[in-house]
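Structural features, examined
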Amino acid sequence: MAEAEPSPTDALDALISGYAAPESVADEMLGPDGLRPVWRPFLEEFAKLDRAEVTRRFARGDQYLRDAGVFYRFHESGGATERDWPLAHVPVLLGEAEWRGIAAALRQRADLLEAVCADLYGAGDLVRSGMLPPALVAQNPAWLRPLVGVRPASGHFLNFLSFEIGRSPDGSWFVLGDRTEAPSGAGFALENRVATMRTFGEPFRHDHIHRLAGFFRAFREAMGAARPTDGRIAILTPGPGAETYFEHAYIARYLGLMLLEGEDLTVRGSQVEVRTVAGPKPVSLLWRRLDATFADPLELDDRSHIGTPGLVSAVRAGNLELVNALGAGVLQTRAFMAFLPRIAQRVLGRRLLMPNIATWWCGQAAEQAYVIDNAERMTIGPALSLDLPFEATVDTAIAGTFRGEAPDDLGAWIAAKGGRLVGQEAVTLSTTPAWDGAGLQPRPVLLRVFAARTGEGWHVMPGGYARIGQTAEATALSLRAGGSVADVWVLSDRPVQGETVRPAPDVPFHRAGQSLLPSRAADNLYWLGRYVERVEGTIRLARAYHLRLAETGRTDDPRVARIAEHMESLGVEHGPALPDSLSHQIGAAIRCAEKVRDRFSPDGWTALRALDAALQRRRPRIGPGDEAARALGLLLRGTAGFGGLVHDNMYRFTGWRFLSIGRALERAMAMAGVLASFASAEAPDGSFDIAVEIGDSVMTHRRRYLIETNRSTVIDLLALDDRNPRSIRFQISVMRSLVEKLPGSDVNGELSTLARAVLRTETTLATADVAAMDDAVLQALKREIADLSDLLSAAYLT
Amino acid sequence: MTPMIYDLRVAIRYDYDAPSLNARNLLRVMPMNRPGVQRRITGALSIEPGPDARSERQDFFGNAVTEVIFQRAVAALEFTTVARVERRPPPERLDLSPELDRLRAEISEGRDLTASSPHHFLGATPRAGHSAEIAAFARDTAPAGGTALETVATIGRALHAEMRFEAGATDVDTPPEEAFRARRGVCQDFTHVMIVALRALGLPAGYASGLIRTEPPPGQPRLEGADAMHAWVRAWCGRETGWVDYDPTNDLMVGTDHVSVAHGRDYADVAPVKGALRSSGASHSNHAVDLVPVI
């Protein structure tokens, strides 16, 4: 007999009965009058799920994030570590009315920040009138003197902001920090949303949740309108080493923008250009994810290796708009929080709609005394820090206690450091339910809210990003400290109609064209193709070696020795079962792939990582001979998988051509070397079979020639055949057809140097005589193919 | 002291092993005008080979900056400044500078952020960061209850006694603390160390680049630093006294033997040539300077 279904109310009660929100703080789910109504529909559905179903659904969300390749990188003393994106699956729910209040307050704050920035880089009234202490500006490394007096082309310093906000015990919201330099997280918010929707698919209702896509589209259009000229829009990233590089690549792909690094750009006169495979193209707006000081070694930090010399000149000339303006990061200064409320009164003529964290600058006598007297209730740290209050460094005292080595006398320390310190009230945040595997537990929560400037003013992204602490402590919010991230749903009383922002068809939508492949990206794709092919070649060689070794049991067998010698000539050791060089080659491929993640399918990336993981897993346990041969055979499937993805799934953009040219060239060149070694007249008996085996053409040979291998059949099949994808000629033909489609290959019937050279090689092979293909000719052919690589590099990749 | 008129020549040459593409340089090599102190009578900067673009502007600190761009490959670059400059002695004055406590109060009363405001010249700057060792030296050396001007002279003299002038002991990127620890260096090191020391006492201090006369007046010893561009310290000694120039390498208050080219917080603000070259090879540079009185 089936048990009686519990009623929805009973299940809901059971779900939240064990939820013990701390007494003295606000809670997102439980308001002063009990369960907040905005949570009820969601929780009623959630309560119907048993634990196994919850686990299954959460796993579905996580699987999505893994498949999408979402990761977060952080740097620690031992180097960089990549972590899975830590999604706390239960979203934070907010009602539309409350959200309207938040959005209005943040729009006001965005206007305030814009006014302060314009003043700091313009008239300087705030300091002159005593609203802001001069020391906080003049001694602030984030105030960039070369930009003083430079007005952005669009007239605005700030175009994209984020705010960290928290809820006080009394239920009101307050701002903990403003992000103006290069706010991150908007792309992650999109991924949070997708993963959370997967987790809470049917029967959960989504039609009342405000969508996020409209925000991005509105901002994309606004950037188009903010350009000073009709040059391209691109995202400027510090590169794959950055913590949030995934997001840079993700947003670039999502919005159809080029993802560029400083070295992709040159400044010709005062115009910024991106070096592409189709030549230099003007760029007029950069969405900057690179800290300003690194942007131009000539005028900003001269130690920067990732900047573009002359960038500031281009800004000064009004030819380049940056989002946000160089120098806008100064607004993140912690000590500014102490002065912004008064500045708001003066600049906006009204109070801040949402207060910011109470802050006292120790450069003022009364404030310093107050901080000393109340140190236990404060976080005391560097006044000019641009970090958020809870991102405490070792020189920060929290509630009177230091993270690092403590001074003997806190009061004396504060007095001595004076204006270099700032005190901020200890933060008390609200809690929100997080699933701990068995039930819902209250955890501190902080929202990150994004605002973008559009033609109609500041547009606030409705939800998307919350940080959840791992423990009750507010300092546990940072991702490094094991915090997690959750989606934020802003729920309407009515179904939300499609996107919340109307598309504006009259605004030109600028999409990256097919030929706009930056040279550096092309270079990485080309080398990705080469390395992956090289990996495959190495595996085949090593497998041939270990098969022979297993067969003869002797390293001095002539065939074994011949393979060893050939491997050696390529710099590959034959000793270990799985050579170190294999690991290096895969590593090189991964590094190339990492730099072009915006142009490359997550599946291809996953395939490469899986190949590397498989190799590392097997390496310590595999012995030589038969065991090694089998392990290598398995790895071969991994490379085949990658090849399949590239061939079947990758859009035939210019980038795909470079990747494919890389593979073809590497394969052709390697085969020329293999034939010179194993199809040589001096090669030991059995070498022809080795060549055919490495060329994966054993079956084909048997079917085509009906005889044992001999020198002519091997050369015919692996060098001159136009239907065998392992032959040199086949791959050169592939190259020729790819090169023909590259920009500038054929200008009014006149072929480029590269196109001509490839055609010449192809023709030579098509008309070659088997008998004439001796070792010297094969070696010369190998060099000729290497020369094609140099021609390609000179024409497109530098 | 009577006013001096000098003919000045600064030639800076770079040779590149591999011709560099897209060279872009910022030059701060033109003697400045300082009302009442220094007047540029004539001045010209020539660049060989001729750049594809050249523009002039002033930087934040009022220095003349020339930006030059080469769109073709260049194997060598030579920048030559030729100028005639009148240099007047600073006015003779009594020491009206305040003691350091009073100086601090004067600073905090100021709400000015223009180029000569003392606020820019306190705290750490890229090439003159805090140093506990130099700060301790400064505290131990500073005269108790001394005026700002006395403090400048005392610290400067002490540093000159402690540190040895030695070309080649340091390079352009040597941090001040390292030079101080080794107790040797060139004018750039003397200047940075003294800037860090003065700032540690709350005395606003900055960097001056310029030249000193190549041959001394008859009967006087030759000054150190005459064979290349020179550097010295500027210190703000209160509202009444303003900025004073002090040369720690030669232990003297700057008079008519020096010609100023650029002012900044440290070397990074005034480097005579800032260049960005996309070149794979090495480069060699060669400086030649002359500052000769016009008879």
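Okay, so let's go over this structure. (Residues numbered from 1 in each chain as written. Chains lettered and ligands numbered in written order. Predicted model: local features only at pLDDT ≥ 70, side-chain atom pairs only at ≥ 80, totals over all residues.)

In this section: the overall build of chain B. Across its full length, chain B holds six helices and 14 strands. Put simply, chain B has 295 residues, and 45% of those count as buried. (Helix = DSSP H or I, 4+ residues; strand = E, 2+ residues; numbered from the N terminus. Buried ≥ 20, exposed ≤ 12 C-beta atoms within 10 Å, placed from the backbone.)

Residues and elements named next belong to chain B. Burial analysis of strand S4 (residues 64-70) places six of its seven residues in the buried class, the great majority of the element. In this sheet, S4 lies alongside strand S3 (residues 53-58) in antiparallel orientation, the contact comprising six bridges. When the sheet's bridge partners are listed, Glu56 is paired in S4 with Thr66. Between S3 and S4, which pair antiparallel in sequence order, lie five residues; one of them, Gly62, sits at a positive phi of approximately 85°. (Pairing = 2+ DSSP bridges.)

All names here are of chain A. If you look at the biggest cluster of nonpolar residues, it comprises 148 residues, and the most contacted ones within it are Ala234, Val449 and Ala466. With nine residues, the single largest contributor to this core is helix H4 (residues 96-120). Excluding residues within four positions of it along the chain, Val449 makes contact with Ile102, Leu106, Ser162, Phe163, Ile165, Val460 and Met461. (Core = buried A, V, L, I, M, F, W, Y, C linked by C-beta atoms within 7 Å. Contact = placed C-beta atoms within 7 Å.)

The next subject is the packing of helix H12 (residues 365-373) of chain A against helix H13 (residues 410-417) of chain A. Residues and elements named next belong to chain A. As a packed pair, H12 and H13 sit with axes 9 Å apart at the nearest point and diverge in direction by 155°. The angle between the axes of H12 and H13 places the two elements in the roughly antiparallel class. Judged by the sense of rotation from one axis to the other, the crossing of H12 with H13 is right-handed. Contacts between H12 and H13 involve Gln368, Val371 and Ile372 on the former and, on the latter, Gly411, Ile414 and Ala415. (Axes fitted to C-alpha atoms, helices over the stretch in contact; angles between N-to-C directions. Parallel < 35°, antiparallel > 145°, perpendicular 65-115°, else oblique. Left-handed = near helix turned anticlockwise from the far one by under 90°.)

Another point: unusual backbone geometry. Note the cis peptide between Glu202(A) and Pro203(A), where omega equals 5°. Mapped onto the secondary structure, Pro203(A) falls in the loop between helix H7 (186-199) and helix H8 (213-226). Residue Pro49(B) follows Glu48(B) across a cis peptide bond; omega there is -5°. Note that Pro49(B) resides in the loop between strand S2 (38-48) and S3. For Arg183(B), which is not glycine, the phi torsion reads 60° and is therefore positive. Relative to the helices and strands, Arg183(B) resides in the loop between helix H4 (176-182) and strand S7 (184-185). Of the residues examined, Arg183(B) has 14 C-beta atoms within 10 Å and is grouped as partly exposed. Despite not being glycine, Asp251(B) shows a phi value in the positive range, around 50°. Its place among the elements puts Asp251(B) in the loop between strand S10 (243-247) and strand S11 (252-253). C-beta crowding within 10 Å serves as the criterion here: with 16 such atoms nearby, Asp251(B) is assigned to the partly exposed category.

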